[in-house]
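As a plain string of letters, each chain reads:
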Amino acid sequence: MNEKYNKYDVIIIGGGYAGCVTAICCARERLKVAIFEKNDKLCRKLLSTGNGRCNFSNEIINDNCYYSNSDIAGIIPKDSYKDSICFLNSIGVREKSINGYLYPYTNQAKTIRDAIEIAVSDLSIDVYLNTQVDNIVSQKESFIVSGCNLKFSSTHVVMATGSCAAPQIGGSDLGYKLANDLNIKLTDIHPALVGLLSNDSRLKHLSGVRCHGKVSWQTASFEGEIQFNKDGISGYPVMCLSRIITASLTDSAKLIIDFLPDDTTENIKKELTQRIINNGHSKSIHECMIGLLNDKCIDVILWDKHIAIDTPSSNITISDIDLIVKSIKSFSLKIKSSKGYESAQVAAGGVDLKQIDLITMESITYPNMYFIGEILDIDGICGGYNLEWARLSASRASKRIINKHNDSN
C-alpha cells in the first residue's frame, strides 16, 4: 500500500538567509514551498552578522575574496552585489554603502530578518520551526523528507543547512550528516573567519592593543585592524587568513606582522635614526619611538630585541636600529590553533563542488536536489562575501527550480 504525504513543490532544509531567499523567490512564482528549520526562528545567525549590522554584500567582488578546494574562478560575477540590493529592495530593505561594504540603511541586521519574515508570511510559505530533518529518501520523481515524526513529499529539495560554525546561535553539522547519508562527498571541514590562539608569552604585554597592520601567512596577506589579547590574535586581516592558517598549521610556520605597512624599511630606518640624532642626549629609545607605534608594541619590540626601554637613545647602535626596524616590519608569532567553531563565523570545506552544477546549484547525482550557501566548499573573507554567496547560490537554485516547474506544467 502506497503511503501519501503532504506534498510540496519545494522543501527547503534550513531557514537561514540562503534558504529564505530561495523560498521567497520560488513562492513568488506560485510554487508551494515549505521551510524546515531546526531552530526556533528564521535567520537566527543573520542577527549576529556584521556585529549586528549585517554587512550583506560588497561592491568589490573578485576571485580573491573566496576560498575553495575547487577552481572557482569566475563563479561569482563582479556585479553580483547589485542583485543582492535588488532582492532586499524588493522586500522593503533600503541599503547603504560604507567604503563599498553594504549594510541595511537602518544599520540593523534585524531589519533584514524582519523583512524576510514578513515576506515569508505574505507569500504563505509553510514554516516548520523546531523541526530537524533526519532523513531524505530519493524516489523516482520526488523526495521523502522526514523528521520529528513528520513526513513530507517534494519534487525539489534544497539543502540550505549552513555549517557547524557558531553552534551557540544555531550552527550544526546536520547538513554534513544528511549529505553523508546520501553518499555526497565532503571536503575537509575546519573553522574559518575565526580568531587564532598562541602560547607566545609576549601576548600578555600586547593584550588590549588594537592597531593597523599587515598580517601575512606564507604567500597570503591582508591589511587592517589587528586585535591582540592575552592568548591570541584576531581582527580583519587575521580573520581573512584564518581559513588557510587552520588548514596549514605546522610546528615551524609563523604569522608575520608588519606594524607599518604603509612605509618602507629604508624610510623607517631613516626616520628612527633622525629621531635619535635629534634627541639622543635627552630621551630614551622608547621616547624616541613614541608616535611610530602603539606604546605597548614599542615595549614588546624592544624587549624582543633585548633592548631596555629606558636605554638612552644615544647608546643605540646602527645594528640596534636594524633589529628594531626588522621587528617592526616582520614581527613573528607562532600560532597554536584557532579558537574553534564556537568563535568561527563560518566553516571552510563542505560539499565538494565537483558534485554540483554551479550554474544551477543542482546535484549531479540527485536531479532536483540543490545545495546552497555555507554547506558547500566555498567561503569568503570578511566583508559581506559569505552572505553574497548565500544569496547568489539561492537565486541560482530558485531560477532552476522555477524553470523546471514551468517546463513540467
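Every value quoted in this text rests on a predicted model; they were computed, and no experiment measured them.

**Describing the sheet that holds strand β14 (residues 220-229)**
One key point about sheets: their strands pair by backbone hydrogen bonds, in either a parallel or an antiparallel sense. Judged by pairing direction, the sheet is antiparallel, and its 7 strands sit side by side in the order β17-β16-β13-β14-β15-β12-β18 without closing on themselves. Each edge of the sheet is formed by a strand with only one pairing partner; in this case those strands are β17 (331-334) and β18 (337-338). Across 3 bridges, strand β13 (residues 210-217) lies against strand β16 (residues 254-258) in antiparallel orientation. Each bridged residue has a counterpart across the sheet, and for Ser216 the counterpart in β16 is Ile256. Where helix α6 (residues 236-247) meets the sheet, it contacts β12 (196-197), β13, β14, β15 (232-235), β16 and β18, and its direction lies at approximately 110 degrees from that of β14.

**Topic: the pairing of strand β1 (residues 6-13)**
Burial within β1 is extensive, with 6 of its 8 residues counted as buried. With 7 bridges connecting them, β1 and strand β10 (residues 150-159) associate as parallel partners. Within β10, the position partnered with Val10 by the bridge is His156. Once the chain exits β1 it traverses helix α1 (residues 17-28) before rejoining the sheet at strand β2 (residues 33-36), and the crossover so formed is right-handed.

**Some thoughts on the sheet that holds strand β3 (residues 57-58)**
Strand order in this open sheet of 3 strands is β3-β6-β5, and the pairing throughout is antiparallel. Looking at the sheet topology across the chains shown, the edges are occupied by β3 and β5 (95-98). As judged from the 4 bridges shared by β5 and strand β6 (residues 101-104), these two strands associate in the antiparallel manner. Across the sheet, Lys96 pairs through a bridge with Tyr103, a residue of β6.

**Observations concerning the nonpolar core**
Counting residues in hydrophobic clusters, the biggest one holds 137 residues, and the most contacted among them are Tyr17, Phe228, Ile233, Phe259, Leu293 and Leu376. In this structure Phe259 touches Cys211, His212, Phe228, Leu293, Cys297, Ile301, Ser327, Ile328 and Phe331, once residues within four positions along its chain are discounted.

**A word on the side chain of Ser172**
Along the chain, Ser172 turns up in the loop between β10 and α4 (174-181). Those residues in contact with Ser172 that sit more than four places away from it in its chain are Lys38, Ser163 and Cys164.

**Quick look at the pattern of salt bridges**
Taken as a whole and judged by the stated rule, the model has 17 salt bridges. For the salt bridge of Arg400 with Glu362, the shortest nitrogen-to-oxygen distance reads 2.8 Å. Remark: Glu362 occurs in strand β21 (residues 362-363) and Arg400 occurs in helix α11 (residues 385-408); sequence separation between them is 38 residues. Among the residues examined, Arg400 registers a relative accessible area of 32% and is labelled partly exposed. The exposure class assigned to Glu362 is buried, which follows from its relative accessible area of 6%. Members of the salt-bridge network, linked through shared partners, are Lys110, Arg113, Asp114 and Glu117.

**Some thoughts on the packing of aromatic side chains**
Counted by the stated rule, this structure contains 8 aromatic pairs. Seen from their ring centres, Phe36 and Tyr128 are 4.7 Å apart, and the 10 degrees between their planes marks the pair as stacked. Taken together, the residues Phe36 in strand β2 and Tyr128 in strand β7 (residues 126-128) connect sequence positions 92 residues apart. Residue Phe36 is classed as buried on the basis of its relative accessible area of 4%.

Rules used throughout
- Residue positions are given per chain, counting from 1 as you read along its sequence in written order.
- It should be noted that, the model being predicted, local features are given only for residues of pLDDT at least 70 and side-chain atom pairs only at 80 or more, the latter also being counted only at that level, while totals for whole chains, interfaces and linings use all residues.
- Hydrogen atoms and water are omitted, and side-chain values are computed over all heavy atoms in the structure.
- Two strands are counted as paired when DSSP detects at least two bridges linking them.
- Under the scheme used here, helices are H or I runs from DSSP no shorter than 4 residues and strands are E runs no shorter than 2 residues, and both carry numbers assigned from the N terminus.
- Whether two residues are in contact is decided by their heavy atoms: any pair within 4.5 Å suffices.
- In this analysis an axis means a line fitted to C-alpha atoms, helices contributing only their contacting stretch, and an angle means the value between N-to-C directions, from 0 to 180 degrees.
- Here the term buried applies to any residue with accessible area under 20% of the maximum for its type, exposed to any over 50%, and partly exposed to those in between, with areas from a 1.4 Å probe on protein chains only.
- Viewed with both strands pointing away, a crossover whose connecting path from the first strand over the helix to the second turns clockwise is right-handed.
- Nonpolar cores are built from buried Ala, Val, Leu, Ile, Met, Phe, Trp, Tyr and Cys residues. Side-chain atoms within 4.5 Å join them into one set.
- Salt bridges are defined by distance alone: a side-chain nitrogen of Lys or Arg within 4 Å of a carboxyl oxygen of Asp or Glu.
- Pairing of aromatic side chains here covers Phe, Tyr and the six-membered ring of Trp, requires ring centres within 6.5 Å, and sorts the geometry by plane angle: under 30 degrees stacked, over 60 edge-to-face, intermediate tilted.

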